[in-house]
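What follows is each chain in one-letter form.
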Amino acid sequence: DILKEISYNPLMAENLSFLNSKSSAYVWERYRIKAQADENFAREIMQLFSMGLIQLNLDGSPKLNDNGEAALAYTNEDIMSLSRVWTGFNLQPRRGNLEGRDNRNDPMKIEVTWRDKFPKSDTTEGYIGDYYPLCEDLPNKAFLKIGATYRFLGSSSMPELMS
């Protein structure tokens, strides 16, 4: 998925200023400073990589609002909410086979304590993830694919144990 590749790319995060972004709650609890998540990447995701500036009909024509003008696809409140999704991204540890002092090759990792822990609204007056079932609502062992073979490999995944 191209949006996932873009979102976890260290160079994209650096250029669109969400690398090392921390949630407002984390910054307040740790430093007693009021801060907001950076809105740059949230705006770029919606404007350039997914929705565009205006809502479109299935035939590609602009949807019109009650005044007969093109309806905007998102508001500034949507940008502010989505920006909180992009908190907690950090570089992976440096590897010995890479030049330079930072690892800008591997997909970023998420620092859980930096993440914004509160619900984020979406552009349809709901919340992100509203339509996904909660894990507790799924049947027991729902993650197991029917017909798959599972083997306990112990603490080592040596090739000779795979057969």
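Residues numbered from 1 in each chain as written. Predicted model: local features only at pLDDT ≥ 70, side-chain atom pairs only at ≥ 80, totals over all residues. Heavy atoms only, no water.

Caption draft 1: Seen up close, the overall build of the chain. Each helix and strand in the chain was counted, giving six helices and two strands. When its helices and strands are written in sequence order, the chain yields α-α-α-α-α-β-β-α. Computed over its C-alpha atoms, the radius of gyration of the chain comes to 21 Å, more than 25% above the 15 Å expected for a compact globule of 163 residues. Dimensions of the chain along its principal axes, counting C-alpha atoms only, are 70 × 45 × 30 Å. For the chain, the proportion of its 163 residues judged to be buried stands at 26%. Within the chain, counting contacts between residues at least 6 apart in sequence, those at least 24 apart form 55% of the total. Charge centroids of the chain, computed over 19 positive and 23 negative side chains, lie 10 Å from each other. (Helix = DSSP H or I, 4+ residues; strand = E, 2+ residues; numbered from the N terminus. Rg over C-alpha atoms; globule rule 2.2 N^0.38 Å. Buried < 20%, exposed > 50% of the residue type's maximum accessible area, 1.4 Å probe, protein only. Contact = heavy atoms within 4.5 Å. Lys, Arg positive; Asp, Glu negative; His and termini not counted. Charge placed at Lys NZ, Arg CZ, Asp CG, Glu CD.)

Caption draft 2: Examining the packing of aromatic side chains more closely. Enumeration over the complete set of coordinates arrives at seven aromatic pairs. Judged by centre distance (4.2 Å) and plane angle (20°), the rings of Phe-18 and Phe-41 are stacked. Linking Phe-18 in the loop between α2 (10-15) and α3 (24-31) with Phe-41 in helix α4 (residues 40-50), this pair joins segments that are 23 residues apart in sequence. Taken as a pair, Phe-18 and Phe-41 share a single burial class, namely buried. The positively charged end of Lys-22 is found above the aromatic ring belonging to Trp-114, 4.0 Å away from the centroid. (Phe/Tyr/Trp six-rings, centres within 6.5 Å; stacked < 30°, edge-to-face > 60°. Lys NZ or Arg CZ within 6 Å of the ring centre and 35° of its normal.)

Caption draft 3: Summary view of α4. For α4, the full list of buried residues reads Phe-41, Ala-42, Glu-44, Ile-45 and Met-46. On its buried face, α4 sits against α1 (2-7), α2 and α5 (76-83). Taken from the residues just after α4, Gly-52 is the one with a positive phi, measuring 85°.

Caption draft 4: The arrangement of the side chain of Ser-81 in detail. Note that Ser-81 resides in helix α5. Residue classification places Ser-81 among the buried positions, given a relative accessible area of 5%. Not counting the four nearest positions on each side in its chain, Ser-81 is found in contact with Lys-120 and Ser-121.

Caption draft 5: Up close: the pattern of salt bridges. With the rule as written, the count across this model stands at nine salt bridges. Between Asp-116 and Arg-84 there is a salt bridge; the shortest N-O distance is 3.1 Å. Separated by 32 residues along the polypeptide, Asp-116 in the loop between β2 (109-110) and α6 (159-162) and Arg-84 in the loop between α5 and β1 (89-90) bring together distant segments of the chain. Each of Glu-14, Arg-101, Asp-102 and Arg-104 takes part in salt bridges that share partners, so that together they form one network. (Salt bridge = Lys/Arg side-chain N within 4 Å of Asp/Glu carboxyl O.)

Caption draft 6: Main features of the confidence of the model for the chain. Chain-level statistics for the chain give a pLDDT mean of 88 and a share of 91% at 70 or above. When mean pLDDT is taken per element in the chain, β1 scores highest with 96 and α6 scores lowest with 56. (pLDDT = per-residue confidence, 0-100.)

Caption draft 7: Geometry of the nonpolar core. With 18 residues, the main nonpolar core has Phe-18, Phe-41, Leu-82, Trp-86 and Met-108 as its most contacted residues. Sorting the residues of this core by element identifies α4 and α5 as the ones contributing at least two each. A total of four residues in this core trace back to one element, the largest contributor, which is α4. Excluding residues that lie within four positions of it along the chain, Trp-86 makes contacts with Ser-7, Phe-18, Ser-21, Phe-41, Ala-42 and Ile-45. (Core = buried A, V, L, I, M, F, W, Y, C linked by side-chain atoms within 4.5 Å.)

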